[in-house]
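# Chains, contacts and geometry: an overview
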Amino acid sequence: MKNNILVINCGSSSLKFSLITPSSGETLVSGLAERLLTNEAQLTIKHNEQKQTANIPSPFDHQKAIEAVVVFLKEQSLTEQIFAVGHRVVHGGEKYSQPTLIDDDVKNNIDELAKLAPLHNPANLQGVLAAEAVFGRIPQVAIFDTAFHQTMPAKAYLYALPYQLYQTHGIRKYGFHGTSHYFVAKSAAALINKTLAESNFISAHLGNGCSITAVKQGKSVDTSLGLTPLEGLMMGTRSGSVDPGIIFHLVDQLGYSLEQVNTLLNKESGLLGVSQLSNDCRELEQAAEQGHQLAQLALDIFCYRIAKTIASFSVCFTSLDGIIFTGGIGENSSHIRSKVLSQLSLLNCAVDNKANITCRFGQSGNIAPTDALPCWVIPTNEEWVIAEQSYQLLNGAK
Ligand code: AMP
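Computed from a predicted model, the values in this text were never measured in an experiment.

### Focus: the nonpolar core
Residues F302, I306, I323, I336 and V340 are the most contacted members of the largest nonpolar core, which totals 45 residues. Within the residue set of this core, elements represented by two or more residues are strand 9 (200–206), strand 10 (210–216), helix 10 (281–289), helix 11 (293–313), strand 12 (322–326), helix 13 (334–341) and strand 14 (375–377). At 9 residues, the largest contribution of residues to this core is made by helix 11. Setting aside anything within four residues of it in sequence, one finds I306 in contact with L206, I212, L233, I336 and V340. Grouped together as the second largest cluster of nonpolar side chains are 27 residues, C10, L43, A65 and I82 included.

### A look at the pairing of strand 11 (residues 219–223)
For strand 11, a buried count of 4 out of 5 residues is recorded, marking the element as mostly surrounded by other parts of the structure. Relative to strand 11, strand 10 runs antiparallel, the two sharing 4 bridges. Opposite K216, over in strand 11, you have K219 as the bridge partner. Between the antiparallel neighbours strand 10 and strand 11 lie 2 residues, among them Q217 with a positive phi of about 45°.

### As for the sheet that holds strand 9
Read from one edge to the other, the open sheet built from 6 strands follows the order 11-10-9-12-14-13, with strand pairing classed as mixed. One side of each edge strand has no neighbouring strand; the edge strands of this open sheet are strand 11 and strand 13 (365–366). Relative to strand 10, strand 9 is paired through 7 bridges, and the arrangement is antiparallel. By the bridge assignment, H205 is partnered in strand 10 with S211. Along the sheet, helix 13 contacts strand 12 and strand 14; its crossing angle with strand 12, the most-contacted strand, is approximately 150°.

### Things to note about the site of the ligand
Taken together, 13 residues lie around the ligand, and N208, D280, C281, R282 and G328 are the ones closest in. Interatomic distance of 2.7 Å between a side-chain N/O atom of D280 and an oxygen atom of the ligand. Relative to its unbound accessible area of 510 Å², the ligand is 75% covered by the protein chains. Sort the elements by how many residues they give to the shell around the ligand and helix 12 (residues 327–332) lands first, with 4 residues. When the residues that make up the shell around the ligand are grouped by side-chain class, the tally is 3 nonpolar, 7 polar and 3 charged.

### A few points about the packing of aromatic side chains
Any two aromatic rings considered together are summarised by their centre-to-centre distance and by the angle between their planes. One pass over the full model with this rule turns up 6 aromatic pairs. Judged by centre distance (4.5 Å) and plane angle (5°), the rings of Y96 and F144 are stacked. Highlighted residues: Y96 in the loop between strand 6 (82–89) and strand 7 (100–101) and F144 in strand 8 (residues 140–144), separated in sequence by 48 residues. You'll find Y96 and F144 in the same group, each marked buried. When the ring centre of Y157 is taken as origin, the NZ or CZ atom of R172, which lies over that ring, is 3.7 Å away. A cation sits over an aromatic face here: R172 above Y174, 4.8 Å from the ring centre.

### Details of the environment of K339
Mapped onto the fold, K339 is located in helix 13. When residues no more than four places from it in sequence are discounted, the contact partners of K339 are Q296, L299, D300 and C303. In terms of polar contacts, K339 uses its side chain to reach the side chain of D300, at 2.6 Å.

### Things to note about the state of the cysteines
In this structure the tally under the stated criterion is 0 disulfides. Of the cysteine sulfurs around C210, a residue in no disulfide, the closest is that of C281, at 8.7 Å. The class of C210 is buried, set by a relative accessible area of 0%. C375 takes part in no disulfide bond, and the closest cysteine sulfur, belonging to C349, lies 4.5 Å away.

About the cut-offs
Residues numbered from 1 in each chain as written. Predicted model: local features only at pLDDT ≥ 70, side-chain atom pairs only at ≥ 80, totals over all residues. Heavy atoms only, no water. Core = buried A, V, L, I, M, F, W, Y, C linked by side-chain atoms within 4.5 Å. Buried < 20%, exposed > 50% of the residue type's maximum accessible area, 1.4 Å probe, protein only. Helix = DSSP H or I, 4+ residues; strand = E, 2+ residues; numbered from the N terminus. Contact = heavy atoms within 4.5 Å. Pairing = 2+ DSSP bridges. Axes fitted to C-alpha atoms, helices over the stretch in contact; angles between N-to-C directions. Near = heavy atom within 4 Å. Polar contact = N/O pair within 3.5 Å; in protein donor to acceptor, adjacent residues only side chain to side chain. Areas by Shrake-Rupley, 256 points an atom, 1.4 Å probe, with all protein chains shown as cover. Nonpolar A, V, L, I, M, F, W, Y, C, P; charged D, E, K, R; others polar. Phe/Tyr/Trp six-rings, centres within 6.5 Å; stacked < 30°, edge-to-face > 60°. Lys NZ or Arg CZ within 6 Å of the ring centre and 35° of its normal. Disulfide = S-S within 2.5 Å.

In short, geometric facts, not functional conclusions.
Rendered as structure tokens:
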């Protein structure tokens, strides 16, 4: 039956794909093309529990990567089953709060919004163009990372800047990881036998990029990432929020160029910058255990900021059904979860050590003791949301 969705997530030098059955979330094939635009470009495909690699022909770009994916899908007689292609698009600005069928207008807008997401939207558009070239008339749908946060009230999304910067230039908080926060909040609601609209969660997506969202009655009412994915929590290589005065100090007193400041804040800060060792949480946990003081300090700052942000978002609620951890760190690091929750005793947070150790590597569950605020570990599945929402849009269903 022709009812599967090919989900594509393009980065500047990578392309992730999965072929998903939207009703069940089953992944039939998935893969990753890496090091695109270099002659080391390579495609790894996972199918029937087996991994295989394939070369991507010259000029080693997104187009050739998708062509290589299609060659594989054709060999397995899977192309006939593709109903639509669903694309993750990072920035949809204020224009897009819903899954959207891609036409020329939408492509122009994704391009236009590249000024707000210069590292992401151009790559996402590349993916759309490459898929169009290969799949012809198969519909293409955009699922925006910012869409879920379009329900935030003005008091949460406006910066205390002159209002015309918002009116004229759209300078406001947009937030990201929306698809992930939506998925885990919906899953957590199901675990407590409530609908999403009846439940209240604070959800922490902790991976290389990190964000926390207050999801009130199913809607995002505040989130930690901002106009760009640099605001808020400490991340792998991103600083998160800093005093903006530091930027002037770096430029005026220390002779940094703006480009250098940009690189410093996005690529040289965060866990990597403080630890001077790595942006990888697992590596830092091991180093800290062996006495590496800066690794320990980086993890201390990381956890303190997560706890502080969760506590600050408690102002959005009069009652809370729980806290959710997801993302590579949130799903796997019992150490980080425990360190965060131990700083939130005023919110009645505590850890059940046995459950905390059990909930890793794909295992979901509540890691809090029965008399504490529930804390859910839920593996995210943005691809499934993209497949489901693409399918529903084209079938006119909600
Ligand atoms: P993501 O961007 O969601 O893929 O998450 C990547 C982050 O998850 C990296 O910092 C990894 O070190 C971290 N991570 C993955 N597995 C573990 C683990 N078992 N313990 C601690 N951190 C982990």
